[in-house]
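One letter stands for each residue in the lines below.
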Amino acid sequence: TIIEGSSSNDDDNNSYLIDLKKKIDQKIMRNNWNRTGQRRPRVNDNTLLQSSSSSVITPGQLLPEVHVQHETDSMQSLLGYNHFEGEWSDRNSTTYHVAIVFGKGLIQDQISIEYASRIRTLVKLLKEEEGFRPKLICFTGGNKNSDEVAVVGEDNTSSSSSISDASAGYVYFRHLCASQGIPFDHLQTNVWVDKRNGNERETMERVASELWRKYIKTWLQERPLTERLNQHYGVGWHILERRVDIHFTLVSTEYHLCNLNDVHHRSPSKSFLQPLVSLRGLVGSDRWVNKDELEAMDPSYSSSVHVSSSSGGRSTGSSSLLPTTSDSGTARFAGIENSVDTSWSFQYATFPFLHGKEDSIVFLGQCYLLGEELTPLLVNMKGVVEQTEFFQRDNYLLLTSIRRSLVSLVEALYTDKGQSIRAGVIKYFESQGRNRFTKEDVKIIVLLESALLNLGRCIDLVKPAGLLAGSVPAPTWARALDALEKSMNNIQVVCDPDQPLDPKDWGKL
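Keep in mind it's a predicted model, so treat the numbers as computed, not measured.

What follows concerns helix 2 (residues 74-85). The end-to-end C-alpha distance of helix 2 is 16 Å, a good match for the 16 Å that twelve residues give at a rise of 1.5 Å each. With nine of twelve residues buried, helix 2 is to be regarded as a mostly interior element. Those residues of helix 2 that sit buried are Ser-74, Met-75, Ser-77, Leu-78, Gly-80, Tyr-81, Asn-82, Phe-84 and Glu-85. On its buried side, helix 2 packs onto helix 6 (254-266) and strand 8 (333-349). The N-terminus of helix 2 is capped by Asp-73, whose side-chain oxygen sits 3.0 Å from the backbone nitrogen of Met-75. Note on helix 2: the residue one or two positions beyond its end, Gly-86, has a positive phi of about 95°.

This paragraph deals with the pattern of salt bridges. Side chains carrying opposite charge are able to pair once their charged atoms draw close together. Scanning the entire structure with this criterion turns up 16 salt bridges. The closest approach of N and O atoms between Lys-104 and Asp-496, which form a salt bridge, is 3.1 Å. Remark: Asp-496 occurs in the segment after helix 15 (474-495) and Lys-104 occurs in the loop between strand 1 (96-101) and helix 3 (113-128); sequence separation between them is 392 residues. Note on Lys-104: relative accessible area 9%, which makes it buried. In this structure, Lys-214 engages Glu-210 in a salt bridge whose closest nitrogen and oxygen atoms are separated by 3.3 Å. Here Glu-210 and Lys-214 lie together in helix 5 (residues 200-222), a separation of four residues that amounts to about one turn. Classification of Glu-210 by relative accessible area gives buried; the value is 3%. Connected via shared salt-bridge partners are Lys-104, Glu-114, Arg-118, Asp-496 and Asp-498.

When a protein is soluble and globular, its nonpolar side chains tend to lie buried together. Formed by 51 residues in total, the largest nonpolar core has its most connected members in Met-381, Phe-391, Leu-399 and Leu-484. Listing elements by their share of this core, those giving two or more residues are helix 10 (359-372), helix 11 (375-385), helix 12 (393-412), helix 13 (416-430), helix 14 (441-466) and helix 15. Considering every element that reaches this core, the biggest residue donor is helix 14, with twelve residues. Excluding residues within four positions of it along the chain, Leu-484 makes contact with Leu-374, Leu-377, Leu-378, Met-381, Leu-399, Leu-455 and Cys-458. Membership of the second largest hydrophobic core comes to 35 residues, among which are Leu-78, Cys-138, Ile-216 and Leu-257.

Before going further, it helps to examine the pairing of strand 1. Regular strands have side chains that alternate between both faces of the sheet. Among the six residues of strand 1, six are classified as buried, and the element is accordingly described as predominantly covered. What you see with strand 1 is no split at all: Tyr-96, Val-98 and Ile-100 on one side and His-97, Ala-99 and Val-101 on the other are buried throughout. Across six bridges, the pairing between strand 1 and strand 5 (residues 235-253) is parallel. Each bridged residue has a counterpart across the sheet, and for Ala-99 the counterpart in strand 5 is Thr-249. The pairing of strand 1 with strand 2 (residues 136-140) spans four bridges and is parallel. Each bridged residue has a counterpart across the sheet, and for Ala-99 the counterpart in strand 2 is Ile-137.

Evaluation of the coordinates by the stated rule reveals zero disulfides. The structure places no disulfide on Cys-495, whose sulfur is separated from the nearest cysteine sulfur, that of Cys-367, by 4.4 Å. Looking at Cys-495, the relative accessible area reads 0%, which means it is buried.

Turning our attention to unusual backbone geometry. Notably, Asp-109 is not glycine yet its phi reads approximately 65°, a positive angle. Tracing the backbone shows Asp-109 in the loop between strand 1 and helix 3. Even without a glycine there, the phi angle at Gln-387 is positive, about 60°. Here Gln-387 shows up in the loop between helix 11 and helix 12.

Across its 15 residues, helix 4 (residues 165-179) extends 21 Å between first and last C-alpha, which sits within 8% of the 21 Å expected from 1.5 Å per residue. When we look at burial in helix 4, the residues that qualify are Asp-165, Ala-166, Ala-168, Gly-169, Tyr-172, Phe-173, Leu-176 and Cys-177. Structurally, helix 4 contributes buried residues whose contacts are with helix 3, strand 2 and strand 3 (190-194). The positive-phi residue at the C-terminal boundary of helix 4 is Gly-181, with phi of around 70°.

This model, assessed by the stated rule, comprises 15 aromatic pairs. Ring centres 5.3 Å apart and planes at 55° place the aromatic pair Phe-139 and Phe-173 in the tilted group. Highlighted residues: Phe-139 in strand 2 and Phe-173 in helix 4, separated in sequence by 34 residues. Here Phe-139 and Phe-173 have matching classes, each one buried. An angle of 85° between the planes, with centres 4.9 Å apart, marks the rings of Tyr-172 and Trp-506 as edge-to-face. Separated by 334 residues along the polypeptide, Tyr-172 in helix 4 and Trp-506 in the segment after helix 15 bring together distant segments of the chain. What makes Trp-506 partly exposed here is its relative accessible area of 25%.

Turning next to the packing of helix 2 against helix 6. Helices that pack against each other are described as a pair by the angle of their axes relative to one another and the distance between those axes. Helix 6 packs onto helix 2 with a crossing angle of 75° between their chain directions and a minimal axis gap of 9 Å. Classed by the angle they form, the pair helix 2 and helix 6 counts as roughly perpendicular. Together, Ser-74, Met-75, Ser-77, Leu-78 and Tyr-81 of helix 2 and Glu-254, Leu-257, Cys-258, Asn-261, Asp-262 and His-265 of helix 6 make up the contact between the two elements. When its residues are assigned to classes, the contact of helix 2 with helix 6 shows five nonpolar, four polar and two charged.

Rules used in this analysis
- Residues numbered from 1 in each chain as written.
- Predicted model: local features only at pLDDT ≥ 70, side-chain atom pairs only at ≥ 80, totals over all residues.
- Heavy atoms only, no water.
- Helix = DSSP H or I, 4+ residues; strand = E, 2+ residues; numbered from the N terminus.
- Expected span 1.5 Å × (residues − 1).
- Buried < 20%, exposed > 50% of the residue type's maximum accessible area, 1.4 Å probe, protein only.
- Contact = heavy atoms within 4.5 Å.
- Polar contact = N/O pair within 3.5 Å; in protein donor to acceptor, adjacent residues only side chain to side chain.
- Salt bridge = Lys/Arg side-chain N within 4 Å of Asp/Glu carboxyl O.
- Core = buried A, V, L, I, M, F, W, Y, C linked by side-chain atoms within 4.5 Å.
- Pairing = 2+ DSSP bridges.
- Disulfide = S-S within 2.5 Å.
- Phe/Tyr/Trp six-rings, centres within 6.5 Å; stacked < 30°, edge-to-face > 60°.
- Axes fitted to C-alpha atoms, helices over the stretch in contact; angles between N-to-C directions.
- Parallel < 35°, antiparallel > 145°, perpendicular 65-115°, else oblique.
- Nonpolar A, V, L, I, M, F, W, Y, C, P; charged D, E, K, R; others polar.

Pasting the structure below:
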C-alpha cells in the first residue's frame, strides 16, 4: 500500500511539472519577441494587423498564429515577420523608404543568374507598384578579388573580377529600367553604390553611416515641428519634436534573407541588421533661450509648428503657437528633440535552381542551400568561441538534420542515376572553367565527402552541449568552428550552380 501511494504521488508530481513546463514555454514564447529588439504592433487606426469579425485582438490576447522567432521553416518565419511588421505598402505617407539590394559575386565579370533575379525583384516592384518610389536605392557588394592576386586555373582562366558586384548590379538595374520603360527620376530617387568588400554586418554599417551623413539630417529638416508639454513636480516646459520614420526594403534571394532574419532573432548582438536598429532613438537636440532666437535661426518656425493636444487648448493663431516665457522671465522652452525610427521588410527572389529540368542542377542547388542554412549556426558558434553567446540547442538539431540531408544526397551519387548526375555536373561547369574541383566527378565527390566528414566531426565535438549532457571546453569549441567553416567552404566551392546570365535574357523580367 505504501508503494502504491508513493507511485501515485510521483505521478501527480510529474503531471504538475509537465503542466508547469508548458506554462513556462508559453510565457517564453509570448515574451521572446520583445528580446529581439523588434516591437509589437500598435493596435489602433494605423495598425498593421487589421481586425476583422473573425479575429479581434483584445488587450492581453496573444497575436493569432504569428511566430516571428525562428521556426523549423525559416521561410515561414520570414513571411510571418513581413505580415507581423508590415511591408512598405503598410507605412504612412510620411515614411522615407530605402531599398537595399544585396549583391552576389560576379562570374567572369558578368551578372549571374541569381544576382539578376534579385535585381529583377526590385525592378518589378518599381514597375508594378506605383506607390513604391524609394528615396534611396543602395547596391552593395565589392570586388572580392581586388586585394588579391588573380588566381589562374589550369586552363589559364582567371577567376578574378575587375569591377565590383554593386557597380555591375547598378548597370544591369538601369538597363532593365530602360528596356521595361520604367522612368527613373534622380530628383526623386537617389542611388548609392557601395563598392567596398565586407560581410552583411559591415555593409549595413556603411548604409547606416551613409544615411546619417547625407540624408537623415535633411529629412529631419523637412519634418514639421510638433509641440509637446512636459510637466514634472508642477513645473512645466515645452519641447518641440520632429520625427523621421525610415522603412528599409531588403531585396535578395530567399535563403539569404532567411539567414538575415534567423540570425537577427537567434543572435541579436551579432545580427547583420543591428546597424539599422542602432539608428533608432534621439539623434540630437538644439536648444535656445527663447522664441526670438529660435525665429532668428529658423524664420519658417512659426508656420511649421503643429500644436499637440497636450498644449492646453490654446489659440491656433501662428503667434500663439510659439512657446512663451513665465512671468519671472524664465524660459519654459526646453528645446527641440529629433528622433528616428526604423523598420524593415523582406522582398525575396526565388532561388532559380531548384526547379530545373536537369537533375544535376537540382542536385547542386539542394547541396548549396544546405550549406547556406548553416549560416545561423556559424554565427552562433563564433559567438561561443568569442565567449559572447551561449550555444543554442536548436542549432545543434539543425546541424544534425542538415548532415542527414546531405548524406542522402551524396549517397544518391553512387546509384545508377548518380552517374548521370555526376556527368551533368561536369558538363554544366566545363564551359566556365569555374575551378579545378568541378572538372572531375571524383574530385567533386571527394570534396562533398570531406564536407560530410567535417560536419560529423563538428557534431561529435559539440554533442555534450547540444544534448545538454555536459560542458564543452573552449579549445574544443574552436576546433568545432574550424570543422564547420571547412565544411561550408567545401560545399560552396563545388555546389554553387550559379552561372553568367545569358545575354538574350538581359532585358527580360
